[in-house]
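# Structural characterization, general
In case you want the letters, here they are:
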Amino acid sequence: MSVKAQAWYKQLWVQVLIAMAAGILLGKLQPELGARMQPLGDAFIKAIRMLIAPIIFCTVVHGVARMADMARVGRMAIKAIVYFEVLTTIALLVGLVAVNVLQPGAGMNVDLSRVDTSSVTPYVTQTHSETPTQFLMNIIPQTLIGAFAEGSVLQVLFISVLCGFALIKLGEFGRPLLDMIEAASRMLFGIVAIVMWAAPLGAFGAIAFTVGKFGTGSLVSLGKLLGGFYLTCLIFVFGVLWPVCAWCGFSMLALIRYLREELLIVLATTSSETVLPRIIARLEDLGCEESVVGLVIPTGYSFNLDGTCLYLSSAAIFLAQATNTPMTLWQQLGLLGVLLLTSKGAAGVAGAAFVVLAATLSTAGTIPVASVALILGIHRLMSEGLTPTNLIGNAVATIVVSKWEGALDEARLHRVLKGTLKAPKPLNDVRGSQPSRDPKGAVLQPTIGKEKS
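Overview of the structure. (Residues numbered from 1 in each chain as written. Predicted model: local features only at pLDDT ≥ 70, side-chain atom pairs only at ≥ 80, totals over all residues. Heavy atoms only, no water.)

Broken down by element type, the protein carries 21 helices and 0 strands. Among the 453 residues that make up the protein, the fraction classed as buried is 55%. The long-range fraction of contacts in the protein, counting pairs at least 24 apart against all pairs at least 6 apart in sequence, stands at 84%. When the accessible surface of the protein is split by element, carbon and sulfur atoms take 66% of a total near 19000 Å². (Helix = DSSP H or I, 4+ residues; strand = E, 2+ residues; numbered from the N terminus. Buried < 20%, exposed > 50% of the residue type's maximum accessible area, 1.4 Å probe, protein only. Contact = heavy atoms within 4.5 Å. Areas by Shrake-Rupley, 256 points an atom, 1.4 Å probe, with all protein chains shown as cover.)

And the structure:
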């Protein structure tokens, strides 16, 4: 359905871009005042985070129950996990190769005895080695409500899938409850639409804080690492994800243009959680089936963090280079194996990537853990590269899994990406009151206990 285009100044991405420019200007001209803008960014992130758990619950329960096929849910989950593992392994390898070629830490000759490591003590104390068994056990919450209180994405996803299966078993008796869940979902997306009006303010505060607190000093001293990392992210996006998009028959540049608002928001706030509700709605608008989006996106936020994997491998080897810690190829590959496990715990933790980096160095025991103090000052600046990469990676993953499952309306995908089919409501209204649709775009009524035709 075609709608009248918004005036350019009313479009969210333009407002966010202007707010980011204003934040950079304030942070540059008045660093102390800029640093005090941090609460604006933090408040916006908190406002979105409080909605993530209930939105995931409603989306997944409704999608699974409407699908009414437990075997298909399991098959789809296995495909998604396999894809995630392959892509994150490639990301770690790309980061490893890039940092060895660029050598950003070579010649720094850092003496850790002269480095103040007190600033990283809070992060190092959070480190712990978690076995695969412990990780899997932690997916099961202590209580049903506890998962929502703690905001654990995987725990909420686990409960949601169980509830969806239970509703399938209930059949027609569960229809009123499913109707209530769908109504709650629309209400929650309505709240997201309200909160998103504050996105420019949140972006302004976050960028002003980053520039005001860290300034250009960090860019000068560690500019080679920062520039090399941004280049590595671009290499991964256009060298790995681009061919995946081409294989699936759509344009990477068109997808980036379609998600420009979400990318600007995560770039400013350095948190991909701020757009999780929006990305769910946006991918459904692209033609991905609700059930696939509801499973792949929340799972991907824990298992498919491509940008975080690039950061972990790049930063770890950089610290080895900077501290003159010799590492053979086999030691580096061994570190990559550790990163494959520790990177899966990077979701839902404050300063997640930095904490996981410290945990990895502690587990591997080769590179001094205290060396992470060297990159503390630019961690947030590096996050501005890794979070958009995470977002693009999860969007591509959802489209790929949807295509594998025959749950992608490819005609709608191409029309939306080309701009010939506009969203039925302004983008900052997110989902609004849009009805559920099947992969062909037809309006669906909730169906439980029977196969969807």
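Counting through the fold element by element, Met67 comes out in helix H3 (residues 38-67). Take Met67: its relative accessible area is 2%, and that puts it in the buried class. Sequence separation between Met67 and Gly164 is 97 residues, and the spatial gap between their C-alpha atoms is 9.3 Å.

Another aspect to go through is the packing of helix H4 (residues 70-102) against helix H17 (residues 306-322). Two elements in contact, H4 and H17, have axes separated by 8 Å at closest approach and are oriented at 30 degrees. When the interaxial angle is binned, H4 and H17 end up roughly parallel. Between H4 and H17 lies a crossing whose hand is right-handed. For the pair H4 and H17, the contacting residues are Leu87, Thr88, Ala91, Leu92, Val94, Gly95, Leu96, Val99 and Asn100 in the first and Asp306, Cys309, Leu310, Ser313, Ser314, Ile317, Phe318 and Gln321 in the second. Across the contact of H4 with H17, the residue classes break down as 10 nonpolar, 6 polar and 1 charged. (Axes fitted to C-alpha atoms, helices over the stretch in contact; angles between N-to-C directions. Parallel < 35°, antiparallel > 145°, perpendicular 65-115°, else oblique. Left-handed = near helix turned anticlockwise from the far one by under 90°. Nonpolar A, V, L, I, M, F, W, Y, C, P; charged D, E, K, R; others polar.)

Now for the packing of aromatic side chains. For any pair of aromatic rings, the description rests on two quantities: the centre-to-centre distance and the angle between the ring planes. Counting across every chain of the model gives 7 aromatic pairs. Here the aromatic rings of Phe57 and Phe148 are separated by 5.5 Å at their centres, their planes lie at 75 degrees, and the arrangement is edge-to-face. One end of the pair, Phe57, is in helix H3; the other, Phe148, is in helix H7 (residues 146-150), with 91 residues separating them in the sequence. For the pair Tyr83 and Trp404, a centre-to-centre distance of 6.2 Å together with 80 degrees between the ring planes defines the contact as edge-to-face. With Tyr83 in helix H4 and Trp404 in helix H20 (residues 379-404), this residue pair connects regions lying 321 residues apart in the sequence. Take Tyr83: its relative accessible area is 6%, and that puts it in the buried class. Under the relative-accessibility criterion, Trp404 is labelled partly exposed at 37%. Within the aromatic cluster, the residues linked to one another by ring pairs are Tyr83, Phe84, Trp247 and Trp404. The ring centre of Tyr258 lies 3.9 Å from the NZ or CZ of Arg282, which sits over that ring. (Phe/Tyr/Trp six-rings, centres within 6.5 Å; stacked < 30°, edge-to-face > 60°. Lys NZ or Arg CZ within 6 Å of the ring centre and 35° of its normal.)

The next subject is empty space enclosed by the protein. Under the defined criterion, the tally for this structure stands at 2 cavities of 30 Å³ or more. Estimates place the volume of the largest cavity at around 60 Å³. Around the largest cavity, the lining residues are Gly95, Ala98, Val99, Leu102, Pro104, Lys224, Leu225, Gly228, Phe229, Thr232 and Ser314. The biggest single contributor to the lining of the largest cavity is helix H12 (residues 223-248), with 5 residues. In terms of residue class, the lining of the largest cavity is built from 6 nonpolar, 4 polar and 1 charged. (1 Å grid on protein atoms, 1.4 Å probe; cavity = no way out; pocket = protein on both sides within 12 Å on 5 of 7 lines; lining within 4 Å. Points joined across faces, edges and corners; volume = space filled by probe spheres on them.)

A few words on the nonpolar core. Counting residues in hydrophobic clusters, the biggest one holds 131 residues, and the most contacted among them are Tyr311, Leu357 and Ile375. Setting aside its immediate chain neighbours within four residues, Ile375 contacts Leu222, Leu225, Tyr311, Ala315, Phe318, Leu319, Phe354 and Leu357. Within the second largest apolar cluster, 5 residues are counted, among which are Ala19, Leu26, Phe204 and Ala208. (Core = buried A, V, L, I, M, F, W, Y, C linked by side-chain atoms within 4.5 Å.)

Next up on the list: the pattern of salt bridges. Following the criterion strictly, the structure yields 11 salt bridges and no others. The salt bridge partner of Arg72 is Glu289, with a shortest N-O separation of 3.2 Å. On the criterion of sequence distance, the pair formed by Arg72 in helix H4 and Glu289 in the loop between helix H15 (276-286) and helix H16 (290-303) is long-range, its members being 217 residues apart. A salt bridge links Glu405 to Arg72; the shortest N-O distance between them is 3.1 Å. You can see Glu405 sitting in the loop between H20 and helix H21 (410-418) and its partner Arg72 sitting in helix H4, a full 333 residues away along the chain. Like Arg72, Glu405 is buried. (Salt bridge = Lys/Arg side-chain N within 4 Å of Asp/Glu carboxyl O.)

Only a minority of non-glycine residues have a phi that is not negative, and only a minority of peptide bonds are not trans. Backbone geometry places Thr270, a non-glycine residue, at a positive phi of 50 degrees. A positive phi angle is found at Asn324, which is not glycine, with a value near 55 degrees. Under the relative-accessibility criterion, Asn324 is labelled partly exposed at 47%.

Turning next to H4. Under the 1.5 Å per step criterion, the end-to-end length of H4 is 48 Å for 33 residues, consistent within 8% with the ideal 48 Å. Where H4 terminates, the next one or two residues include Gln103, which has phi positive at roughly 50 degrees. (Expected span 1.5 Å × (residues − 1).)

Every α-helix winds through 3.6 residues per turn, so residues three or four apart in the chain are directed the same way. Here H16 is 14 residues long and its end C-alpha atoms lie 20 Å apart, about the 20 Å a rise of 1.5 Å per residue gives. Most of H16 sits inside the fold, with 14 of its 14 residues counted as buried.

Relative to the assigned elements, Thr269 resides in helix H14 (residues 260-269). Engagement of the side chain of Thr269 in a polar contact is seen with the backbone oxygen of Ile265, the distance being 2.8 Å. In terms of polar contacts, Thr269 uses its side chain to reach the side chain of Thr274, at 3.3 Å. When near neighbours in sequence (up to four residues on either side) are disregarded, Thr269 contacts Phe44, Ile45, Ala206, Thr274 and Arg380. (Polar contact = N/O pair within 3.5 Å; in protein donor to acceptor, adjacent residues only side chain to side chain.)

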